[in-house]
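A closer look at the structure
Here's the letter readout for the chains.
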Amino acid sequence: PIIDNVMQGYNGTIFCYGVTGSGKTYTMSGPLGAVEREASSEGIVQRAATRIFEYIRDRSAGGEVFLVEASFLEVYSGDGGREQLIDLLAQEEKKLEVKQDPHKRHSF
């Protein structure tokens, strides 16, 4: 359902949460180091990307044009306090900040 909604123009987020060693990276990315994988061992990221680009392929033949933007972020809190936000797609590491929306108390 999330991919169908994203393809209708809504923003979508896939969020994986847990303690160190609980399998978040495996769930999101699948087995590490495997260049070619069985479809059954792909992570959520690969499955979502495949579905998005299948959707585009199937509809672009009819003249529709699509723009794909994606972020791949890690929120890390080693001490359980202050979070670090890491852009996993950036070529250079730069400090990102988690900020609260001043107009919406529970939005960041």
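Cut-offs applied
Residues take numbers from 1 onward in each chain, read along the sequence in its written order. Selection of residues for local features in this predicted model requires a pLDDT of at least 70, selection of side-chain atom pairs for listing and counting requires 80 or more, and totals for whole chains, interfaces and linings are taken over all residues. Computation of side-chain values: all heavy atoms of the structure, hydrogens and water removed. Here, a salt bridge means any side-chain nitrogen of Lys or Arg that lies within 4 Å of a carboxyl oxygen of Asp or Glu. Accessibility here uses a 1.4 Å probe with only protein chains present; expressed as a share of the type maximum, an area under 20% marks a residue as buried, one over 50% as exposed, and anything in between as partly exposed. Whether a set of points on the 1 Å grid over the protein atoms alone is a cavity depends on a 1.4 Å probe fitting there but being unable to get out, while an open set qualifies as a pocket with protein on both sides within 12 Å along at least five of seven lines; lining residues are those with an atom within 4 Å of a point. Grid points are joined across faces, edges and corners, and a volume is the space filled by probe spheres set on the points. Nonpolar residues are Ala, Val, Leu, Ile, Met, Phe, Trp, Tyr, Cys and Pro. Charged residues are Asp, Glu, Lys and Arg, and all others, Gly as well, are polar. The secondary structure listing takes helices from DSSP runs of H or I that are at least 4 residues long and strands from runs of E that are at least 2 residues long, numbered from the N terminus. We call two residues in contact when some of their heavy atoms are within 4.5 Å.

**Concerning the pattern of salt bridges**
Across all of its chains, the model carries one salt bridge by this definition. For D58, the salt bridge identified is with R57, shortest N-O distance 3.0 Å. With a relative accessible area of 46%, D58 lands in the partly exposed category.

**Observations regarding the layout of surface pockets**
Taken as a whole, the second largest pocket holds about 210 Å³ of empty space. Its residues placed into classes, the lining of the second largest pocket shows four nonpolar, one polar and six charged.

**Thoughts on the environment of E83**
Topologically, E83 is positioned in the loop between β1 (73-76) and β2 (84-87). Relative accessible area serves as the criterion here: at 41%, E83 is assigned to the partly exposed category. Through-space distance from the C-alpha of E83 to that of L96 is 10.0 Å; in sequence the pair is 13 residues apart. When sequence neighbours within four positions are dropped, the list of residues in contact with E83 reads V75, Y76 and S77.

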